[in-house]
Structures are given as structure tokens and as C-alpha cells.
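# Geometric and topological summary
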Amino acid sequence: AFIARILNDPTPTTNVQSERQLAIALGYPTAWRVCRRIIRGGTTADRNIEERITFDYDTPSKISSDFAKSLQIQDVIYAGNPKKDVDRWYCHEAAQLASVEFKGDAFQFEGGHMTQQIPKFQKGDKVEVRYSRKWYAAEIMKRKKSEKDGIKYTVLYAEDDSTQENVREVNIRMAPPDSSALELAGKLGLPAGWKATKNNKRYIFVSPEGLTFRNKKAAVAHAKSMIVEETEDPPWRAAGHELIGREVLYCHSHKLSGARSVTIEQMGFVRGWISDTDTDRQGHPGYISERTKQPAALFHVIFGELPGQHLYPKYLLAYQDMEESEVREILIPDDIFPKHKQKRVKLN
């Protein structure tokens, strides 16, 4: 009865402490976290609203049946720090079974309900490393997987021949293409903006948004899925707004059966936009806001995850068009990136 009460408590978690307390109360290992969101009428309940949700287990009639029916509890169970891409579950039954076998490795279940973390980079890859909102040319020297921190890399900076250890993938991207790499990609049938390099007898392809592919078939398939029709009226602008190029984390839920649902998280970036002053060939506004019924800016978000690498491929989105307020709500904050470089080691 105690567990049932906790499972049905419509109080969202608000910080690390509350996430850990909820996990412990539900019987999970002490390092685990349970992130609880409360959905009301299809939208997430604001944590800062003055009217706090309360629940009296002894006198449940204090909450009207209509109000209770409007609440949906959405839990995500993490085997550690969510920012480190640890194993996660969207079903308590599956998470409880896994917790029994937990041996301290936050990645031992190969993703949990998500797919196994797949390394994006290999030794020798030419990359750029993020530091204080700037990117620096570097080369991947070593890759390692930690039980607590997931996949991290050692990189060699081209600027001063120094090395840096324990760099997370979120702070690494493939180096921009040179002319020869662009030309090779074009000869192999890839669209403009792609680059291709040859390592021994194998090709490595990099998309304009930085995704790496180790075979041509996968690269071509992804390129086709990312095509934006040139006949768009009005066409998408590729520059001129601060949100262009910004990374986002978009969550959308789908019903699997009568009692089961899944929440999909996809990382993407803002590729294009339409201004509120843009018009089509007939002089009509490029986009009318569904909320205000007035001309508004619209943003084109591209997602890079491949269907073949996901547990629920049919639910993955290739792109999503959003209003500015919707994009800003899902922006990946800058504070997840380090403000200072870790100590570098000078090579002799």
C-alpha cells in the first residue's frame, strides 16, 4: 500500500534531492534517480504555480474526480545522473527487475529502454572540441567507457599540441570539411555540405549537422531523409536569427497499448526559419500562429537519430516545425557545457 501511494502521488520532482528521495522510497539503489513530471490536460504542470497540488491519502475525496482524471504521472527512472546518458526506463516494472541485478555500472543494461550508447568517434578522427561556446580543432587520441560516466575521450589539440582527458561526446563534433572532402562526397553521390574521407579502404561520411556514418548506404539514406523541399513557399531562411544552429532536446509520447506508453527523446538543431514578415508568392503570410492567429516566425528543427539505432524507430521524427516559444522551451542550456577547459598535458 505504501508503494502504491508513492506511485500515485501527483507531486513533481524539482531537484536532484527530490529525485533521489523518490528513487529510494520506491526501493531503487541509492545512486538512482526518478524524475517525475505531472501532466495536466496534455501539458506539463508548472512547478512554480502558486496553487500546489496536494493529495490526502486518508480523504481522497478532497480532490474532485474530474481533476484527478486530468492528472497524468510520468516517471523516468535513471541508473545515475541523467546528464551522463545512463541507462533509463519508462516502466517501473522493468526498472525494478533491472535494479535487482545492478552492480554499480550505470551502463550495464545497454540503455535500459533506450538503445545502447554507441560511440560517435574513433581514434584518429579529426574533430572540434567545445570550450566556453567556442570550438577548437583536435584529434581523437583515445576512447574509454566508464561505469559511472559513460563514453569519454582523450583529445589532442592542434592549437598547442596539448591533450585533454575525459571529454564528453556532447562537447565534440566532427571537424568542418575541407574542399577535397567535399569534392569526394559529391563524387560519391552525397548532397552539398557532406564530406567524405577515406581511411585505408573504408569511407567515413559526415553530414552537414555533424553526424558520422561508416558506410555509404547509411549516409545516403540519411541524406534523403533530411532533404527539405526547395519548392517551399516561402523558402526557409538559413541565417539571420540567433536560434539558427542551436541544439534542442524534444520529447514526445506515444501510446503502445491500453496501459503502456513510451516517451521518445530526440536531439536536434534549428536548421531554418520563416520570419513573421515573409510572404508566399500570392502575398500571404508565410505562417499564421495557431495560438495568436497572427503572422509569426516558424522554425524548422532537424533530428539526426537513425531509425536503425532506436528501440522504437517508427516513432522517430525526421523534423518538426515549431514556433519560437516552443523552440526556446526545449533548447539545450549552455550551462551543461564546461566553462573552463580541463587541465591540459603538454607533450614533450
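Before going into details, it helps to say that this report is about the structure given with it. Per chain, residues are indexed from 1 in the order of the written sequence. Local features in this predicted model are restricted to residues whose pLDDT is 70 or higher, and side-chain atom pairs enter the listing and the counts only when it is 80 or higher, whereas totals over whole chains, interfaces and linings include all residues. Calculated side-chain values reflect all of the structure's heavy atoms, with hydrogen atoms and water omitted.

## As for the packing of aromatic side chains
Stacked, tilted and edge-to-face pairs are distinguished by plane angle, under 30 degrees for stacked and over 60 for edge-to-face with tilted covering the rest, among Phe, Tyr and Trp rings (Trp via its six-membered ring) whose centres lie within 6.5 Å. For the structure on display, the rule yields 8 aromatic pairs. The interplanar angle of 80° and the centroid separation of 5.7 Å between the aromatic rings of F121 and Y153 together place this pair among those described as edge-to-face. Remark: Y153 occurs in strand β7 (residues 150-157) and F121 occurs in the loop between α4 (92-100) and β5 (126-131); sequence separation between them is 32 residues. Taken together, the ring pairs connect Y28, W32, W89 and F102 into an aromatic cluster. Sitting over the face of the ring of W135, R173 holds its NZ or CZ atom 4.1 Å from the ring centroid. Here the basic side chain of R237 rests over the ring of W273, its NZ or CZ set 5.2 Å away from the ring centre. Put simply, DSSP marks the helices as runs of H or I at least four residues long and the strands as runs of E at least two long, and each gets a number from the N terminus on. Here, a charge over a ring is recorded when the distance from Lys NZ or Arg CZ to the ring centre is within 6 Å and its angle to the ring normal is within 35 degrees.

## Looking at the nonpolar core
Buried residues of nine kinds, namely Ala, Val, Leu, Ile, Met, Phe, Trp, Tyr and Cys, make up a nonpolar core once their side-chain atoms join them within 4.5 Å. Partly exposed residues are those whose accessible area sits between 20% and 50% of the maximum for their type, while under 20% is buried and over 50% is exposed, using a 1.4 Å probe and protein chains only. Ranked by internal contacts, the top residues of the largest apolar core, which has 14 residues, are F121, V127, V129, I140, Y153, V155 and I172. The set of elements that each furnish at least two residues to this core consists of β5, β6 (134-146), β7 and β9 (172-174). A total of 4 residues in this core trace back to one element, the largest contributor, which is β7. Contacts are residue-level and defined by heavy atoms, with any inter-residue pair within 4.5 Å sufficient. Those residues in contact with I172 that sit more than four places away from it in its chain are F121, V127, E128, W135, I140, Y153 and V167.

## Description of the pairing of strand β14 (residues 261-274)
With 11 of 14 residues buried, β14 is to be regarded as a mostly interior element. When DSSP finds at least two bridges between two strands, those strands are taken to pair. Relative to β14, strand β13 (residues 247-255) runs antiparallel, the two being bridged by 9 bridges. Within β14, the residue paired with L249 across the bridge is M267. Here β13 folds back onto β14, and the loop between the two strands holds 5 residues. Alignment of β14 against strand β15 (residues 298-303), held across 6 bridges, turns out to be antiparallel. The residue bridging I274 from the neighbouring strand is L298, located in β15.

## Looking at the pattern of salt bridges
Any two side chains of opposite charge can pair, given that their charged atoms come close. Here, a salt bridge means any side-chain nitrogen of Lys or Arg that lies within 4 Å of a carboxyl oxygen of Asp or Glu. Following the criterion strictly, the structure yields 9 salt bridges and no others. With a shortest N-O distance of 3.7 Å, R33 and E19 are connected by a salt bridge. Of this pair, R33 sits in strand β1 (residues 33-40) while E19 sits in helix α2 (residues 16-25); the two residues are 14 residues apart in sequence, bridging distant segments of the chain. E19 carries the same exposure label as R33, and that label is buried. Between D75 and R36 there is a salt bridge whose closest N-O contact spans 2.8 Å. Of this pair, D75 sits in strand β3 (residues 71-78) while R36 is found in strand β1, placing the two residues 39 residues apart along the sequence. Each member of the pair D75 and R36 is classed as buried. Here the salt bridges share partners, and the residues they tie into one network are E242, E324 and R328.

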